[in-house]
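These are the residues of each chain, in order.
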Amino acid sequence: MENVLPITDKVFVGNLIPQKFPFVMVDKLLSFSENEVIVGLTIATDNIFLEGGVFQESGVIEHMAQSVALYTGYQFYLKNEPAPTGYIGSIKSIEISFLPKLGDTIVTTVNVLHEFMGVTLVDIVTKVNDNEIARGQMKTVLAS
């Protein structure tokens, strides 16, 4: 596949992260640079975090974490190397102001603050229709 962004092929995007269906919470790679990735997810009826037509807090947090995983997975894809598994090392803070609904597309921007020896510290902002719904800071760690 060409490296032309945005990438909206769900299968391709899903193959860049270690999670598998039904636990995949990213379906679009909208933008990628050395210190930033923009990722999307359209909330579908088969999403395991959808309850009563509302995407739950745990789904928003998982989407944010998988956005970081997609940043790493795409980095390794560009180098023709298999992506390692990573873990959330810590969540400094997450603020969720409202929850998206069925059919909404959430767009998350991950800004990489520091990346050293397999540890990545990021700021994350998630929006629906350009309205911020969540923000936070996470640290992820690559498995050795």
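One can find the structure itself at the top, above this paragraph.
Residues numbered from 1 in each chain as written. Predicted model: local features only at pLDDT ≥ 70, side-chain atom pairs only at ≥ 80, totals over all residues. Heavy atoms only, no water.

Draft legend 1. Just the environment of V37, in detail. Checked against the element boundaries, V37 lands in strand β2 (residues 36-42). When its relative accessible area of 0% is taken as the criterion, V37 is described as buried. Residues in contact with V37, not counting those within four places in the same chain, are L29, S31, F32, S67, Y71, T108, T109 and V110. (Helix = DSSP H or I, 4+ residues; strand = E, 2+ residues; numbered from the N terminus. Buried < 20%, exposed > 50% of the residue type's maximum accessible area, 1.4 Å probe, protein only. Contact = heavy atoms within 4.5 Å.)

Draft legend 2. Just the packing of aromatic side chains, in detail. Here the structure, examined in full by the defined rule, presents six aromatic pairs. Their ring planes at 25° and their centres at 5.7 Å tell us that Y74 and Y77 sit as a pair that is stacked. With Y74 and Y77 both in helix α2 (residues 57-78) and three residues apart, this pair spans about one turn of that helix. Just above the ring of F76 sits the side chain of K79; from NZ or CZ to the centre is 4.4 Å. (Phe/Tyr/Trp six-rings, centres within 6.5 Å; stacked < 30°, edge-to-face > 60°. Lys NZ or Arg CZ within 6 Å of the ring centre and 35° of its normal.)

Draft legend 3. Representation of the side chain of Q137. As for its position among the elements, Q137 is in strand β8 (residues 131-142). Using a relative accessible area of 14% as the deciding quantity, one classes Q137 as buried. Leave out the neighbours within four places in its chain, and Q137 touches S90, I91, K92, S93, L113, L121, V122 and D123.

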